[in-house]
Amino acid sequence: MVQTGKTPPPPYLNIDPAEAAKKLSDGINTARFAKAATFAAKGRDDLARRGYAPDGRKHLRKFSTWEVCRYLIPVATAHFRRVLKTHEDLPQGTGDGGTKWFTLDEVMRLRAHFATEGVATREYRPYRPKGVPAKVLAVANFKGGVGKTSTAAHLAMSAALDGYRVLVIDLDSQGSMTSIMGGQVADEWMTAFPLLAKHYALHLQSENAVRAAAGQPPLPLDETLTEALTFEARQVIQPTHWPNIDLIGAQLNLYWAEFQVPVWRMQSGNWPLWDALTGFLDSERLLDEYDIIILDTPPALGYLTINALAAADILLVPLGASFLEFDSTGRFFDMLYSTFASIEDGENASRRRDGLPEMRFEWDAVRALITRFDAAQQTDLANVIQAYFGDFMTTYRQDFTAMVGQAGEQVSGIYEADYRGFNRDTYVRGRETFDRTWAEVKEILLGIWWRDAQMAETDAQKEA
Ligand SMILES: Nc1ncnc2c1ncn2[C@@H]1O[C@H](COP(=O)(O)OP(=O)(O)O)[C@@H](O)[C@H]1O
Ligand SMILES: [Mg+2]
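Thresholds, definitions, all that
- Residues numbered from 1 in each chain as written.
- Chains lettered and ligands numbered in written order.
- Predicted model: local features only at pLDDT ≥ 70, side-chain atom pairs only at ≥ 80, totals over all residues.
- Heavy atoms only, no water.
- Helix = DSSP H or I, 4+ residues; strand = E, 2+ residues; numbered from the N terminus.
- Buried < 20%, exposed > 50% of the residue type's maximum accessible area, 1.4 Å probe, protein only.
- Areas by Shrake-Rupley, 256 points an atom, 1.4 Å probe, with all protein chains shown as cover.
- Lys, Arg positive; Asp, Glu negative; His and termini not counted.
- Charge placed at Lys NZ, Arg CZ, Asp CG, Glu CD.
- Domains from an automatic or database assignment.
- Contact = heavy atoms within 4.5 Å.
- Buried area = accessible area lost by both parts, 1.4 Å probe.
- Salt bridge = Lys/Arg side-chain N within 4 Å of Asp/Glu carboxyl O.
- Polar contact = N/O pair within 3.5 Å; in protein donor to acceptor, adjacent residues only side chain to side chain.
- Nonpolar A, V, L, I, M, F, W, Y, C, P; charged D, E, K, R; others polar.
- Near = heavy atom within 4 Å.

1. A short note on the overall build of the protein chain
No. 1: Within the protein chain one finds 18 helices and nine strands.
No. 2: Expressed along its principal axes, the backbone C-alpha trace of the protein chain runs to roughly 95 × 85 × 50 Å.
No. 3: Considering the protein chain as a whole, with its 464 residues, one finds that 45% of them fall into the buried category.
No. 4: Here the protein chain displays about 25100 Å² of accessible surface, and carbon together with sulfur accounts for 54% of that area.
No. 5: Looking at the protein chain, you have 49 positive and 60 negative side-chain charges, and the mean spots of the two groups are 6 Å apart.

Right under this line is the structure:
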């Protein structure tokens, strides 16, 4: 071995400024970004041709006899097999040997069979009282990376596995939820943007009617607003690879809404900008069509998040058990308070002027949820956080599980991953952490539905 005896100096010393200047290009202008984007687009196509990109469509895996009996339909495996044998018309599953594989559609047909023929005391079908609307659940925190999207996506999938009809609305222009759901979004007209635009356009129309009566000139409806007036829900709602999950997707252009909304509000100061999503869910009858509507939000308290929060019945605020995340979540609640209190104040001042009843925002339930929890390191801190948030916090802490990240490009999260790729114990534990989050949210949901149904009954009796 040759020993020079000289250790080279560290790389950041002895840099020659003149040589460094030679390596620089001329000043960068915006055209250079356009060029980089064009190159990246070419590179993307190249990579896709070489098989790096998914084929664009996701496919949901099948579920084995073990999974069906363990997680989806509460029957013993032997009994399940016997029932299939005696009912040839039921889905028989595919695959050789004892284990058969079923699509989720087939699982739902099997579940319907057990619900009508099986033991009456077992819960085959999930509870949803008749005549009460779907519940809207928003997942929000102005901090990024706290597990909003993972929590929202896993909740959507566990609700779907339970047999609920789920609509997922991605309000984050980064579109992570949209990729998880395999959504295709060409431009902002395939996102929540047109429903905001339509809400404003309808508001302008009624405002113009008032102006006309007062002999004032109308406020103009530009091209976007005119187009938005013809917009219908089915233009933005797309099916996903999950038979009972639909999606309103997002992509970068949705961010435009954050600039457009304040401009509209300037134009017409009495437009209730927080009401667009609520109005849309209501007027398009989506609260009848689905059981649960899950809203994933961007890491900011912008106009899209405000709309999501105003539409929500249940608000989940994920945070990690760390000082910084606790601190910023506390401030998030403070911002929620000041934002919504100031909307109420402004609105009620004008309502009092017009002799209308006052309004107040109200949520059925709000829960902070500890995510990515490491019991060995974070128990003390989590206990302190729990003590301060009290009943504002779920009792279950969602464990950190490497399985979330390991799932891969085509497969997102625990429920899409094939358990055969993991050690069985690892799988069972990883899955349990999201099952328990769902169990706690589901308990809240059922409680609210039950309460709503009781109230509807009491109201009906009063009227009778
Ligand atoms: N329970 C969990 N265990 C391990 N990693 C997780 C868990 N929940 C989320 N993550 C990871 O943390 C990161 C941020 O999560 P994400 O849901 O995208 O947060 P947000 O939507 O708040 O920005 C992602 O890489 C995700 O895979
Ligand atoms: Mg996210």
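2. Here we look at the domain arrangement of the protein chain
No. 1: One can read the domain layout of the protein chain as domain 1 (63-117) and domain 2 (135-444).
No. 2: Its C-alpha centre places domain 1 at a distance of 35 Å from the equivalent point of domain 2.
No. 3: In this complex, domain 1 contributes 12 residues to the contact, which on the side of domain 2 involves 15 residues.
No. 4: The largest per-residue losses of area from domain 1 upon contact with domain 2 belong to Trp66, Tyr71 and Leu104, which jointly make up 43% of the total buried on that side.
No. 5: Taken together, the links from domain 1 to domain 2 amount to zero salt bridges.
No. 6: Taken together, the links from domain 1 to domain 2 amount to three residue pairs in polar contact (both at pLDDT 80 or more).
No. 7: Those elements giving two or more residues to the side of domain 1 that touches domain 2 turn out to be β1 (63-64), α3 (65-72) and α5 (104-117).
No. 8: In terms of residue class, the side of domain 1 that touches domain 2 is built from seven nonpolar, one polar and four charged.

3. Some points on the site of ligand 1
No. 1: Not every one of the 14 residues close to ligand 1 is listed here, only the nearest: Gly145, Lys148, Thr149, Ser150 and Thr401.
No. 2: Take Thr149: an N or O atom from its side chain is 2.9 Å from an oxygen atom of ligand 1.
No. 3: A distance of 3.0 Å separates a nitrogen atom of ligand 1 from a polar backbone atom of Asp399.
No. 4: In isolation ligand 1 offers 560 Å² of accessible surface; the protein chains occlude 73% of this area.
No. 5: Here the shell around ligand 1 gets three residues from one element, more than from any other, and that element is helix α6 (residues 148-161).

4. Quick notes on the environment of Ala160
No. 1: One can find Ala160 in helix α6.
No. 2: Note: C-alpha distance between Ala160 and Ile292 (132 residues apart in sequence) is 9.4 Å.
No. 3: Not counting the four nearest positions on each side in its chain, Ala160 is found in contact with Val166, Trp242, Asn244 and Ile245.

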